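Here is how the chains run, residue by residue.
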Amino acid sequence: MMDRSNSKKARLSWLDGGDSHYAMDSDGSSPDETVESLITGFRATLSKLDNQFSTIVTEYQKTMKENHDLKRQIEELLAADSSSEQNHAMIKTIPGEIQQEMPSRSGIPKSKSHFSKLKKAYNETSSKVSSVVSAGFRNTHCQGELVTEFIAHRDAIQDIKTTEKKNFFITASLDKTAKVWSEGGQCRTKYQGHIGAVNTVALHPAEDLAISGSGDTEVHLWPYNLENMNTDHEDQELVINQPILRIGNHESIVSSIAFCQNERVFTVGFDGKAQVHDLETAKSIVDLCGHECAINHCSAHPTQPNLVTTSCKDGSIRVWDYRVPSSTICISTQHRSSVSSTCFLDNNSIISSSEDKTVRIFDFRKNRPIERLSVDSAVNRLSVNSAGVVALPHDDRHIRLLTTSSNQTRLRRIRNSRAHQNSGMCTAWLHSNYSSNNNEQKYTVLSGGWDRRVCIWRVPVAEL
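Residues numbered from 1 in each chain as written. Predicted model: local features only at pLDDT ≥ 70, side-chain atom pairs only at ≥ 80, totals over all residues. Heavy atoms only, no water.

The name given to the protein chain in an unreviewed UniProt entry is WD repeat-containing protein 37, with Oikopleura dioica as the source organism.

Draft legend 1. Representation of the overall build of the protein chain in the model. Check the secondary structure of the protein chain and you find three helices and 30 strands. Counting across all 464 residues of the protein chain, residues that qualify as buried make up 43%. Sequence-distant contacts in the protein chain: of pairs separated by 6 or more residues, those separated by 24 or more amount to 49%. (Helix = DSSP H or I, 4+ residues; strand = E, 2+ residues; numbered from the N terminus. Buried < 20%, exposed > 50% of the residue type's maximum accessible area, 1.4 Å probe, protein only. Contact = heavy atoms within 4.5 Å.)

Draft legend 2. Main features of the packing of aromatic side chains. Under the definition given, this model contains six aromatic pairs. Taken together, a centroid distance of 4.8 Å and an interplanar angle of 5° make the contact between Tyr-191 and Trp-222 stacked. Of this pair, Tyr-191 sits in strand S6 (residues 187–191) while Trp-222 sits in strand S9 (residues 219–223), placing them 31 residues apart in sequence. For Tyr-191, a relative accessible area of 0% gives the class buried. Take Trp-222: its relative accessible area is 0%, and that puts it in the buried class. Taking the centre distance of 5.7 Å and the plane angle of 85° together, the rings of Trp-429 and Tyr-443 count as edge-to-face. One end of the pair, Trp-429, is in strand S28 (residues 424–435); the other, Tyr-443, is in strand S29 (residues 441–449), with 14 residues separating them in the sequence. You can call Trp-429 buried: its relative accessible area is 3%. By way of ring pairs, the aromatic residues Phe-150, Phe-169 and Trp-181 are connected into one cluster. (Phe/Tyr/Trp six-rings, centres within 6.5 Å; stacked < 30°, edge-to-face > 60°.)

Draft legend 3. Region of the structure containing the sheet that holds strand S22 (residues 358–363). The sheet built from four strands is open, its strands ordered S20-S21-S22-S23 with antiparallel pairing. Each edge of the open sheet carries a strand with a single partner, namely strand S20 (339–344) and strand S23 (368–374). Strand-to-strand twist in this sheet, taken as the mean axis angle between neighbours without regard to direction, amounts to 20°. Bridge count for strand S21 (residues 349–354) against S22 is five bridges, and the pairing is antiparallel. Bridge pairing in S22 links Ser-353 to Val-359. (Pairing = 2+ DSSP bridges. Axes fitted to C-alpha atoms, helices over the stretch in contact; angles between N-to-C directions.)

Draft legend 4. Region of interest: the pattern of salt bridges. A full pass over the atoms with the stated rule returns eleven salt bridges. Linked through salt bridges whose partners overlap, the residues forming this network are Asp-159, Lys-161 and Arg-381. (Salt bridge = Lys/Arg side-chain N within 4 Å of Asp/Glu carboxyl O.)

Draft legend 5. Quick look at the sheet that holds strand S25 (residues 390–393). On the basis of which strands lie adjacent, the open sheet formed by five strands has the order S1-S27-S26-S25-S24 and mixed pairing. The open sheet is flanked by strand S1 (141–142) and strand S24 (383–384), the only strands paired with a single partner. Two strands pair when backbone bridges link them, and S25 and strand S26 (residues 399–404) are joined in this way by four bridges, in the antiparallel orientation. The residue bridging Ala-391 from the neighbouring strand is Leu-401, located in S26.

Here's what the structure looks like:
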C-alpha cells in the first residue's frame, strides 16, 4: 500500500497533466476502476428496486381484487339485512296479529341471533342466486375482432375522441401530449404545447382544429394536418409546439371539454367552474354555477348544442340550457360516488357512469330515473354512437357494450383474449361502419387505457 505522501504526489501529478495518467487511490485502485465499481453497484441497486416495484404492483393488484370481493360480499349482506328488516316490519303491522317481538334464544344476544338468521338465509339462497345470475348472464359476450393495438403514448391515455364524417381520432395523455391518428393507427399530428398532463381533447366539427385541456389549467386550440391522413407513411407526423388560441380562465385542472357549436366550446375543471367560451374572442360568455366541488366531465347534445351536461365528484349530475344559465333543467344525485362521465342518449335521456360500479339512465325532461345497471367494476369515460349503442370502459380492463330499447337493456362484453393490460379509461366510435366480405355490418370501437395502449375493435351489429 502506498504511503500518504506518495499518494498525494501521484494525485497532484495527474491533476497537473504530468507523466502519470491517473492517480492511485489509497487502496491501490485507479479512478476508472472506482467509477466502474460504482456503476456496477448502481445497476445492482436499480435491479433490486425494479424487482421490489414489480412485487409491490403484484401485491397491489391482489389486494384490489380481495377488496373488490369483500366489498361485494358486504353489499350483499347489507341488502339482505335491509330486506329482512322490511319483512319484519310488515309482519308486525298485520291487522289482528299480536304485535309482539319473538324472544331471542337463551344466552345469545338479539343482534347476534338476527345476524345468524341472515347468515343462514344467505347460505340457503346462495345457490339459487348463483343459478339465477349464471342464467341471466348467458350469452353476455359478443365476438369482437381486435383489428390492431399499439402503444400510443409514453404514459396513460386519459381521453379519446372522434367527430362525425371524419374517420380519424385524437388522444390525450398524461405524457403532456395530444395526438391525431388516422383510422389505421398512424400518428399524423402531435401537439406538445402543454406543460401539464393532457386530460381531455376534442375535434372541431367543421374545421381542421383540435382543442385540449390540461393539468396546467389551460385550454389550447391548435390545427392538425389533414393532408397527412391520406398517406400511409408513418414518418409523416406534424409536431406543433404552440397553440393558435388560449381559452378560459380556470384556476385548477381542466378535466373535460366539448364543442357545443362551431363557435362555442364548453369547459369544466376541478375548480368547480363550467364555462362556455366564444372561439372568436376566446372569452367566457356564460358561467354555469351550481356545482360545489370538482367537475369530472361534460358533454353537449349532438343535435341541440345549447343543452349541456356536467358530472361531479360528489355524485351529482346537472343538465343545463346555457342560454338560461341561472337555472338548470334537472339535477340528479342518484350515484353514491364520483360520476366519471355523462352523455346524452337521445332527446330526452342521459346515461352516466360512476365509480360506484353502476350505470344509470335518467330522463332529464321529466326529472326521473329510468334504469340502473350494476356492473362488476367502476366505469370510466363512456361514449355513445349514432345508433344509441354505449361503450363502457372498466377498471377491470374489459370493454362492454350496452344497447337499450323499449323492451330490454342488453350488456355485452367484447370477447377477446388480448384486452387492455390495465384499466380501460375511455372509448369512442368511428362513424363509418365496416362491411366484411359477407356484407356483415360492424361497428368500429376505439378504447384507450392506463396501459398507454389504443385498441381498435370491430363488433358485428347483429350480435348487439
